[in-house]
Amino acid sequence: MEEQQERRNFGEKGGQPSRNSGQTGLEPEDHRIDIEISPRVKNWIESLNNAEKSTQSQSQWPRIPKVPHILRGTQDFKKLYEPRVISIGPYHHGKPHLHQGEMIKPRYAQKFLADRNRQDIEALYTKILSKIEEVKKCYDWSSTSEYDNEALAWMMLLDGCFLLQFIRSQDDGSTDDGGTNDDGTDDGGTNDDGTDDGGTDDGCTDDGGTDDMSNVLRDHQITFVEQDLFLLENQLPFGVLKLIFEGFNDDLTMEKMIKKFVTDNGDLEESTSEIHLEEASHLLGLLRSALLGHSQPKEERPPDKKGESSSSQGICGRFCSPCKKGKQRGIRQSFRNIKELKAAGIHLQPSGSRFLTDISFNSYFFCGYLNLPPIIIDDFTKSRFLNIVAYEMCPDGPDDYAVTSYVCFLYELIDHADDVKELRSKHILYNCLGSDEDVAHIFNEIGNDVVFTDVYEVLKDRIQKHYDKRVISTWIAEVLHDHFRSPWTVTAFIGAVLILFLTAVQAYYGLPGN
């Protein structure tokens, strides 16, 4: 009661100026009211103060995020984003349907570590355990908190050894490490000392005793394991893999095998020099780098005398407003598919490389040429693209949205099976699915699950400008493209015109009086 009385008398004791005092206000210190802050609010304030520190203390190794919540409502989410045979890392470890895969890992790990004695394996485990705090920061806390340091370190060792041995076995072209060396010669199944090792030297290590692995993973399982290894939530920090294979006498060979494994799964040419392992975060990140290449962005060149040129190898995108199914409304765009572009005199050509960034458009007076990189579409294309798109959407992922932009661009070009057929006829798309309708359906589904970007805004704007001239140039472009595609047709046309001219001259001079 006394405290309330003091608050009521606050103004009487000088808290407020009297009407006749001539004062216009109070000093700031006279207006203070002490309020006790609850512990919960103090924790909130402390979390804000420590936000910058927590950001600076992140792992030196890149993070492996989970698929963003915005994509978790995707149809067939488990089929597209979750492993079917093998779990790598803590996100899907221990799930019942992956139990058989856990039984396979020790066989592959033992084979990879066959040339190390027990002390070496213990030293390797200790080395991973010493980096366990770095490993924890790579994953979501809710997943790593279920394991103590020793269990998590053992998981990294077992999964890493399985992953590296699986890559080695695929490089040999079989699951049993064959009976040949890398050069294709038969090694006779003996060790260096002449004793029978029960197998072969696989070109990486003298394993001193190679068991037949063909009964561990069958061919159909291998196909699904390859898909599992390129899922966003099924990754291992590349720093862990380096800890495991560094120190081997063949660590350079192991790096070459990793590069080859990535390029093979990306259906790319064997330009393994484009992949730099020192920049790698995990296998999915390596696949993304291989698909994009490391070519420098082409600068926008002014139009030359023959026409205008636009390229999209410079990628610096940002998210645009998502739009309903149809086409992007970020720029003034009236063309809807490849069929309409062809009707406007815009023709397709394969680019000089398979890199997704190698997209360009050349506009001439009558014709335009859109260059697109060749791509192979198979059963895993949708999952592969969507996991890379999910990686780019994460706060810790790449911020250029390069693959997302490519997927959106193809989505805007492909509406129906006729569009896919046109891409096939130009050797830009290779269909391993079966029907062209299936391919069109895949890109329409992928486009529904991503947010549009404006990376190709300049390129699409130039396409639109050429498209707007279709009333004047479409007929001329079609005639030139259909009837003058080879020197023979041009020669035949000139010959026909010359014959008509000479016939007309002969008829003129054949008239009476001429």
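Computed from a prediction, not measured in an experiment: that's the story for all the values here.

### Remarks on the overall build of the protein chain
Looking only at helices and strands, the protein chain features 22 helices and six strands. Considering the protein chain as a whole, with its 514 residues, one finds that 46% of them fall into the buried category. Of all intrachain contacts in the protein chain linking residues separated by at least 6 positions in sequence, the fraction that spans at least 24 positions is 70%.

### Quick notes on helix α17 (residues 402–413)
In a regular helix each residue adds 1.5 Å, so twelve residues correspond to 16 Å; α17 covers 17 Å between its end C-alpha atoms and thus fits that length. Among the residues of α17, those classed as buried are Ala402, Val403, Thr404, Ser405, Tyr406, Val407, Cys408, Phe409, Leu410, Tyr411, Glu412 and Leu413.

### Some remarks on helix α11 (residues 219–228)
Where α11 is concerned, the buried positions are Gln221, Ile222, Val225, Gln227 and Asp228. Residues of α11 that are buried make contact with α5 (77–81), α6 (99–112), α10 (149–171) and α16 (381–393).

### Some words on the confidence of the model for the protein chain
On average, residues of the protein chain score 76 in pLDDT, and 69% of them reach the 70 mark or higher. Confidence drops under a pLDDT of 50 for residues 10–16, and excluding neighbours within four residues, the segment shows six contacts in the predicted structure. Ignoring residues within four places in sequence, the model shows residues 312–331, a span with pLDDT below 50, making 61 contacts including any to other chains.

### Looking at the nonpolar core
Of all hydrophobic cores here, the largest spans 113 residues; its most connected members are Ile258 and Leu370. Element by element, the count of residues in this core is highest for α10, at twelve residues.

### Description of empty space enclosed by the protein
Counted under the stated rule, the structure contains four cavities of 30 Å³ or more. Its volume calculated, the largest cavity comes out at about 140 Å³. Lining of the largest cavity is provided by Gly266, Asp267, Leu268, Leu291, Arg354, Leu356, Pro374, Ile375, Ile376, Thr381, Arg384 and Phe385. Every element with two or more residues in the lining of the largest cavity is listed here: β5 (375–377) and α16.

### Examining the packing of helix α14 (residues 283–292) against α16
One way to put it is that α14 packs onto α16 with a least axis distance of 10 Å and a crossing angle of 100 degrees. With respect to each other, α14 and α16 are oriented roughly perpendicular. Packed against α14, whose contacting residues are Leu284, Gly285, Leu287, Arg288 and Leu291, the element α16 presents Arg384, Asn387, Ile388, Tyr391 and Glu392 at the interface. Along the lines of polarity and charge, the residues of the contact of α14 with α16 split into five nonpolar, two polar and three charged.

### Digging into the environment of Leu341
Within the fold, Leu341 resides in helix α15 (residues 338–343). By relative accessible area, which is 1% here, Leu341 ends up buried. In sequence terms Leu341 and Leu370 are 29 residues apart; their C-alpha atoms lie 9.5 Å from each other. Not counting the four nearest positions on each side in its chain, Leu341 is found in contact with Phe335, Ile346, Leu370, Leu413, Ile463 and Tyr467.

### What to know about the packing of α17 against helix α19 (residues 436–448)
For the pair α17 and α19, interaxial distance at closest approach is 9 Å and the crossing angle is 125 degrees. When the axis of α17 is compared with that of α19, the two are oblique. Crossing of α17 against α19: the hand is left-handed. Residues Val407, Leu410 and Tyr411 of α17 form the contact with α19, whose participating residues are Phe443, Asn444, Ile446, Gly447 and Asn448. Its residues assigned to classes, the contact of α17 with α19 shows five nonpolar, three polar and no charged.

### Some words on the pairing of strand β4 (residues 368–372)
Of all five residues that make up β4, four are buried, and the element is covered over most of its length. In this structure, strand β2 (residues 346–350) lies alongside β4, joined through five bridges in parallel fashion. If you follow Pro350 over to β4, its bridge partner there is Leu372. By the bridge criterion, four bridges tie strand β3 (residues 360–363) to β4 in an arrangement that is antiparallel. Note on β4: the bridge partner recorded for Ser363 is Gly368. The turn joining β3 and β4, which pair antiparallel and follow one another in sequence, is formed by four residues.

### Remarks on the packing of aromatic side chains
Summed over the entire model, instances satisfying the criterion amount to twelve aromatic pairs. Taking 6.5 Å as the distance between ring centres and 45 degrees as the angle between the ring planes, the aromatic pair formed by Tyr108 and Phe166 counts as tilted. In this pair, Tyr108 is assigned in helix α6 and Phe166 in helix α10, connecting sequence segments 58 residues apart. We note that Tyr108, like Phe166, is buried.

### Let's talk about the side chain of Asp436
Structurally, Asp436 is set in helix α19. Within the local environment of Asp436, its side chain forms a polar contact with the side chain of Arg424, the two groups lying 2.8 Å apart. With residues up to four places along the chain from it excluded, the contact list for Asp436 reads Ala417, Val420, Lys421, Arg424 and Asn431.

### Comments concerning the pattern of salt bridges
Summed over the entire model, instances satisfying the criterion amount to 16 salt bridges. Its salt-bridge partner being Glu233, residue Arg72 comes within 2.4 Å of it at the nearest N-O pair. Placement of the pair is Arg72 in the loop between α4 (51–56) and α5 and Glu233 in the loop between α11 and α12 (238–245), with a sequence separation of 161 residues. Since its relative accessible area comes to 3%, Glu233 is described here as buried. The partner of Lys105 in a salt bridge is Glu102, and the shortest N-O contact between them spans 2.8 Å. Of the two residues, Lys105 and Glu102 are both situated in helix α6; the distance of three residues between them amounts to about one turn of the helix. As far as burial versus exposure is concerned, Lys105 and Glu102 are alike and both buried.

Calculation notes
- Residues numbered from 1 in each chain as written.
- Predicted model: local features only at pLDDT ≥ 70, side-chain atom pairs only at ≥ 80, totals over all residues.
- Heavy atoms only, no water.
- Helix = DSSP H or I, 4+ residues; strand = E, 2+ residues; numbered from the N terminus.
- Buried < 20%, exposed > 50% of the residue type's maximum accessible area, 1.4 Å probe, protein only.
- Contact = heavy atoms within 4.5 Å.
- Expected span 1.5 Å × (residues − 1).
- pLDDT = per-residue confidence, 0-100.
- Core = buried A, V, L, I, M, F, W, Y, C linked by side-chain atoms within 4.5 Å.
- 1 Å grid on protein atoms, 1.4 Å probe; cavity = no way out; pocket = protein on both sides within 12 Å on 5 of 7 lines; lining within 4 Å.
- Points joined across faces, edges and corners; volume = space filled by probe spheres on them.
- Axes fitted to C-alpha atoms, helices over the stretch in contact; angles between N-to-C directions.
- Parallel < 35°, antiparallel > 145°, perpendicular 65-115°, else oblique.
- Nonpolar A, V, L, I, M, F, W, Y, C, P; charged D, E, K, R; others polar.
- Left-handed = near helix turned anticlockwise from the far one by under 90°.
- Pairing = 2+ DSSP bridges.
- Phe/Tyr/Trp six-rings, centres within 6.5 Å; stacked < 30°, edge-to-face > 60°.
- Polar contact = N/O pair within 3.5 Å; in protein donor to acceptor, adjacent residues only side chain to side chain.
- Salt bridge = Lys/Arg side-chain N within 4 Å of Asp/Glu carboxyl O.

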